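Next come the chains, spelled out residue by residue.
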Amino acid sequence: MRFTFTLLLLILAVAVEAQVQNAAQSGRYLHAANKLMGKDTTTESDTSKENKEPQYFYISANTNIFVNAKGGAAKRFSPTVEFGRTYGIFDIGLGIGKLNMLKGNDTARYIELRPTINVFSKGRFAESLCLGAGYVISAKQGLMSEICNGINFNVSTTFAIAMAQGYVFFDGTNSNRTAQYIGINLTYNFLKPHSVNKQRKKKAILNDN
């Protein structure tokens with residue numbers, strides 16, 4: 001009886017192994033066929049199954065101009081580069097920039113954490129709200145906080161342009177000040193061709209168009 005039972009288990013194991021090999025071989029053939037036909041071969045593992053929103057890295061170039069302030073273009077111009085990741089309607093990024101372009105100013109560089117959320121979106125357009133916190137290197141008013149909003153236009157799945165305006169608050173031990181700016185932001189999204197995330201991004205920006 002024990003021999004018969006062992007033999008049955010052995011036969012069952014061989015049969016299961018054969019089915020697994022056949023399934024794997026069929027999967028390879030299907031993958032190759034899809035690739036030849038130009039179909040999307042990216043699986044659901046590209047993003048979390050729990051969150052059906054697109055997720056991807058991005059980089060932004062922000063060209064801000066301080067308004068309601070004295071001085072020329074070099075004192076008003078404040079460029080920033082931000083790198084971060086998008087989770088559906090929520091972005092979290094790290095920005096590095098300068099508060100002005102004056103030569104020899106060692107207290108103009110700053111680093112900032114910038115979480116952003118899309119509060120409204122329709123088709124290619126979206127309205128965003130940003131709350132930032134950072135540090136101005138070697139400045140007396142080193143603590144930096146920011147609140148801003150922007151109107152974004154998705155030119156494509158990988159490129160977007162936005163008009164933004166906001167307020168920046170600088171705090172030190174004995175003094176503080178507030179500055180207002182307006183600017184244009186250019187964003188590039190790192191999306192793989194034919195990926196699930198790119199398809200979801202495309203579906204999101206074409207929705208209600």
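In this text, all values refer to a predicted model and were calculated from it rather than measured experimentally.

1. Description of the pattern of salt bridges
Then comes step 1: Applying the stated criterion across every chain yields a total of 3 salt bridges.
Then comes step 2: Notably, a salt bridge pairs Glu82 with Arg114, separated by 2.7 Å at the nearest N-O pair. Of this pair, Glu82 sits in strand β2 (residues 77–87) while Arg114 is found in strand β4 (residues 109–122), placing the two residues 32 residues apart along the sequence. Of the two residues, Glu82 and Arg114, both sit in the buried class.
Then comes step 3: Beyond isolated ion pairs, a larger network of salt bridges with shared partners links Glu82, Glu112, Arg114 and Glu146.

2. Some remarks on the layout of surface pockets
Empty space among the atoms can be located by rolling a probe the size of a water molecule over them.
Then comes step 1: Of the voids in this model, the second largest pocket is the one considered here, and its volume is about 400 Å³.
Then comes step 2: Sorting the residues of the lining of the second largest pocket by element identifies β1 (55–67), α2 (73–76) and β8 (176–190) as the ones contributing at least two each.
Then comes step 3: Counting residues per element, the lining of the second largest pocket draws most heavily on β8, which supplies 4 residues.
Then comes step 4: By residue class, the composition of the lining of the second largest pocket is 10 nonpolar, 7 polar and 5 charged.

3. Topic: a nonpolar patch on the surface
Then comes step 1: Residues Tyr87, Ile89, Phe90, Ile117, Val119, Phe120, Leu129, Leu131, Ile147, Tyr167 and Phe169 make up a contiguous nonpolar surface patch of roughly 950 Å² in combined accessible area.
Then comes step 2: Counting only elements with at least two residues in the nonpolar patch, the list comes to β4, β5 (125–136) and β7 (159–171).
Then comes step 3: Of the residues forming the nonpolar patch, the biggest block, 3 residues, is contributed by β4.
Then comes step 4: Mapped onto the fold, Leu131 is located in strand β5.
Then comes step 5: When its relative accessible area of 48% is taken as the criterion, Leu131 is described as partly exposed.

4. Let's talk about the pairing of strand β3 (residues 90–98)
Then comes step 1: Bridge count between β2 and β3: 8 bridges; the pairing is antiparallel. For Thr80, the partnering residue across the bridge sits in β3 and is Gly97.
Then comes step 2: Relative to β4, β3 is paired through 9 bridges, and the arrangement is antiparallel. From the neighbouring strand, Gly97 faces β4, where its bridge partner is Tyr110.

5. Some thoughts on the environment of Gly95
Then comes step 1: Assignment of secondary structure puts Gly95 in strand β3.
Then comes step 2: A relative accessible area of 0% means that Gly95 is categorised as buried.
Then comes step 3: Along the primary structure Gly95 and Ile111 are separated by 16 residues, whereas in three dimensions their C-alpha atoms are 5.7 Å apart.
Then comes step 4: Among all residues touching Gly95, those that are not within four sequence positions of it are Thr80, Val81, Glu82, Tyr110, Ile111 and Glu112.

The rules behind each value
Residues numbered from 1 in each chain as written. Predicted model: local features only at pLDDT ≥ 70, side-chain atom pairs only at ≥ 80, totals over all residues. Heavy atoms only, no water. Salt bridge = Lys/Arg side-chain N within 4 Å of Asp/Glu carboxyl O. Helix = DSSP H or I, 4+ residues; strand = E, 2+ residues; numbered from the N terminus. Buried < 20%, exposed > 50% of the residue type's maximum accessible area, 1.4 Å probe, protein only. 1 Å grid on protein atoms, 1.4 Å probe; cavity = no way out; pocket = protein on both sides within 12 Å on 5 of 7 lines; lining within 4 Å. Points joined across faces, edges and corners; volume = space filled by probe spheres on them. Nonpolar A, V, L, I, M, F, W, Y, C, P; charged D, E, K, R; others polar. Patch = residues over 30% accessible without salt bridge, like charges linked within 9 Å, V, L, I, M, F, W, Y side chains within 5 Å. Areas by Shrake-Rupley, 256 points an atom, 1.4 Å probe, with all protein chains shown as cover. Pairing = 2+ DSSP bridges. Contact = heavy atoms within 4.5 Å.

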